Amino acid sequence: MNRTLENLILDAKNAWDAERSSGRELIGVCIDTSSIARGAEDTLAKIREVIAAKNLNIDVRVVGSWGFNWLEPTVWVRSAAGTHAVLYGNVTADRVEDFVQRTVVDGGVVPELALGVIEGNSLDGVGLIEDHPWMQGQVRRLMANTGVIDPGNIQHYLANSGYEGFGKALDMVDEDIIKLVLDSGLGGRGGGGFPAGRKWDFLRNATADPRYLICNADEGDPGAWVNRILMEGDPHLIVEGMLIAALASNAAAGYIYIRYEYPLAVERMQNAVRDAYELGLLGQDILGTGRAFDLYIIKGAGSYVCGEETGLINSIDGYRGMPRIRPPFPAQAGLWNKPSNVNNVETYANAPMILRNGAEWWANVSDTKEKGTKMFTLSGQINQTCCIEIPWGPTVRDVLEHYGGGMEEGSVLKGYQPGGPLSGMLPASEADLTLTLDPYRERGMFLGSGGIVYFDQKTSVVDLCTFFLGFCEDESCGRCTTCHGGTQRAVEVLRRIGVGGGRESDIEKLEGLVKTLVWSNCLHGQFAMTTVKLALRYFRDEFDMVIREKRDPSQSLAGLISYRVTRPDDPSIQAAAAICPVNAFVEKDGKLQIDDDPCIRCGACKELAPNAIEIVDRFPARATAEVTAAGG
Amino acid sequence: MASEPTVAELRELVAEFRPNAGHVLPSLNKVQETYGYISRRAIEVVARQLNTTPALIFGAVSYYSDFRTTPPPETEIAWCSGPACRLKGGDRIREAIQHTLQLPLNGHSDDHEYGFHLGQCNGTCTEAPQVWVNGKVVGNLTVAKAIELARDVKADS
């Protein structure tokens, strides 16, 4: 391996070991966007305050996420002897004083908050973290460092096998790197699954220079945050992955395009790039080898279609982020019309491991066609909102039960969306599909970048369609009439259905739009109607009921329900009337009632007076014969 | 409300950026991070700096939903439009806040004291349904709590 790199790694490992044997306790606090939302910054501030107040000689480290999002803030404590470390959940600021006392001052554990031992052997009744039920079946490769190292410290990364893959790649010719990546079977993690090695080879064989690498970190699918977990928890993994791809494809420069909504990821990636330059891992003469690669971070500004690779390229170019018409493909004419390659964050992040441990090791983790591990984020009406890393192959239901902790109390699984607003949604009866690419392709949809959203029986499919089509309409770039006009028409029709104005012919109209939008230029338009297409296939009864009977089985469609006071004498009614934002409560015969006209169906009154207000169908039930005679 | 930056201030701010180097987004983001919004004057300065036309820069500004051309309100409630929030009553929360503030999405009061903004999911779904008040998560909302929050924001201004 390159001598300079070898020495960097050796120094970092020595420093890492020295820290472990410093004789001081070390407290690691997860600070990322998910934990901050649950008060982790307050926890960190309180820990520092308590340390100062008690005059303790201990170190504090900011780390990324273990994926236990629902148990944030997570904190771990390593013993002064450096022999063991225990991870804890729900360490809120108000618990810190007691927590520090028991773990650091008394040198014990806090069993009621303990999740598991992350270093050393199990102790005092706390088991190993890998034996935690939620960790069962997970394989931590991409997330091996997240939650352990300080994402702002390049030495930590170097001490934990960081840049070793790059070191190996430096000793290889470009063709061999590509062959290794091809052998591994690494497919694009953005949803397409196209072999990364082939894409890199296209770029390698391009005839023009300079050529560019682009990392798509515009993780725009609502409900997906796997890329954020990596960027906030282990940013150098992505830098190293791009460096390896650069050696394989002879790219001169790279761009990491991160969405506006991820300011902390932007900051941590920027710091990582800065530190890599400082150590000579990036620049015009990398580690004295004469090889050159520059890397830049670009922050987006709020546009979903910039996650489409040519939209992203236009955006970096400085134009409106509208997807281009292909061909030419990015490998021929991408950024500044030079050969370019776009991969997802997770795709690049896999490269260092493949180089370090070999294609076979990397691939041999599941017997599916897809190789390596995949990260998923789970959300919706479930008990455990979280981020996991697993081998491909378990079913959607397994993942819900095992990692998502099942549906919330009072919720029954009605369906799920496997990967973003373009991927479509399926009913609970299809929840035994495996998390692999083919079952979804066969159904005319796709498994997206990793955000799975589970929904329950209280959810209206018509509302979900309106929501996702509204999103697609908002985010349409405006180039193709099929897309920007088509999504508008679809939203109009769906909204009309949702307020009781549905017509029998609407199904045909929506089906017409399904057929039309596939002729759009880019994936956004082509897949915008997937949600509706699948809803009409799998939830047709519900559409028919809403259209024909003007009734909503979920009792959640604002246009089809009314709120009614059933117990005007209930004392909670006063509070319910006071919270109403539109003053819909009126006195009639000395009693408070809800005027249906101004009522916006926000439901705030029923939250405060659950036993005195009920939801009823807005339209009176019609006999089936009448429905048929009227044509719906 | 902060006063509009001068041409000299803006020129200094974007002096590091170069034409044809992928600097449109970085320069506009820097202007917005510094002043909270991108004024007409800023568009002209950026266009000159990047050797292009104000029309092209304005085209980019207007394309992206997170760029603002007016100063942000003193207090902003950003509403998370993501799916986890939607499933837990997010849309009813939106409706209720809009009626309480008497504002459309992305609207603000005449005096710029408060505003209501469309936010995109960033994966803090453990807190669903949620809003962000000046960037800070206010989560696990009920519609009633959201109305009270909006009333407080309105009363405080």
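> Break down the interface of chain A and chain B for me, with residues and values.
Across the boundary between the two partners, chain A contributes 62 residues, which contact 46 residues of chain B. Taking both partners together, chain A and chain B bury about 4200 Å²; carbon and sulfur atoms supply 58% of that area. It is A:A301, A:R320 and A:F467 that lose the most area in chain A upon contact with chain B, and together they represent 13% of the buried surface on that side. Across the chain A-chain B interface, the total number found is four salt bridges. Where chain A meets chain B, there are 28 residue pairs in polar contact (both at pLDDT 80 or more). Of all the elements, helix 17 (residues 461-475) of chain A adds the most residues to the side of chain A that touches chain B, at seven residues. For the side of chain A that touches chain B, the per-class residue count stands at 34 nonpolar, 16 polar and twelve charged.

> A description of the nonpolar core should follow, citing residues and the corresponding values.
Grouped together as the largest cluster of nonpolar side chains are 121 residues, with contacts concentrated most on A:Y163, A:F166 and A:Y454. A total of ten residues in this core trace back to one element, the largest contributor, which is helix 10 (residues 235-249) of chain A. Of all hydrophobic cores here, the second largest spans 40 residues; its members include A:I613, B:A96, B:Y114 and B:V143.

> Outline the domain arrangement of chain A, supporting the account with residue identities and numerical values.
As assigned here, chain A comprises domain 1 (3-130), domain 2 (154-361), domain 3 (373-456), domain 4 (461-549) and domain 5 (558-617). The C-alpha-based centres of domain 1 of chain A and domain 4 of chain A are spaced at 49 Å.

> Can you tell me about the domain arrangement of chain B, naming the residues and giving the values?
According to the domain assignment, chain B contains domain 1 (7-63) and domain 2 (75-155). Put simply, the middle of domain 1 of chain B and the middle of domain 2 of chain B, counted by C-alpha atoms, are 30 Å apart.

> Describe in detail the environment of A:G451, supporting the description with residues and values.
Residue and element names in this part refer to chain A. Position of G451 among the secondary structure elements: in strand 14 (residues 451-456). Sequence separation of G451 and W225 is 226 residues, and the distance between their C-alpha atoms is 7.0 Å. Leave out the neighbours within four places in its chain, and G451 touches G223, A224, T377, Q417, P418, G419 and G420.

Basis of the calculations
Residues numbered from 1 in each chain as written. Chains lettered and ligands numbered in written order. Predicted model: local features only at pLDDT ≥ 70, side-chain atom pairs only at ≥ 80, totals over all residues. Heavy atoms only, no water. Contact = heavy atoms within 4.5 Å. Buried area = accessible area lost by both parts, 1.4 Å probe. Salt bridge = Lys/Arg side-chain N within 4 Å of Asp/Glu carboxyl O. Polar contact = N/O pair within 3.5 Å; in protein donor to acceptor, adjacent residues only side chain to side chain. Helix = DSSP H or I, 4+ residues; strand = E, 2+ residues; numbered from the N terminus. Nonpolar A, V, L, I, M, F, W, Y, C, P; charged D, E, K, R; others polar. Core = buried A, V, L, I, M, F, W, Y, C linked by side-chain atoms within 4.5 Å. Buried < 20%, exposed > 50% of the residue type's maximum accessible area, 1.4 Å probe, protein only. Domains from an automatic or database assignment.

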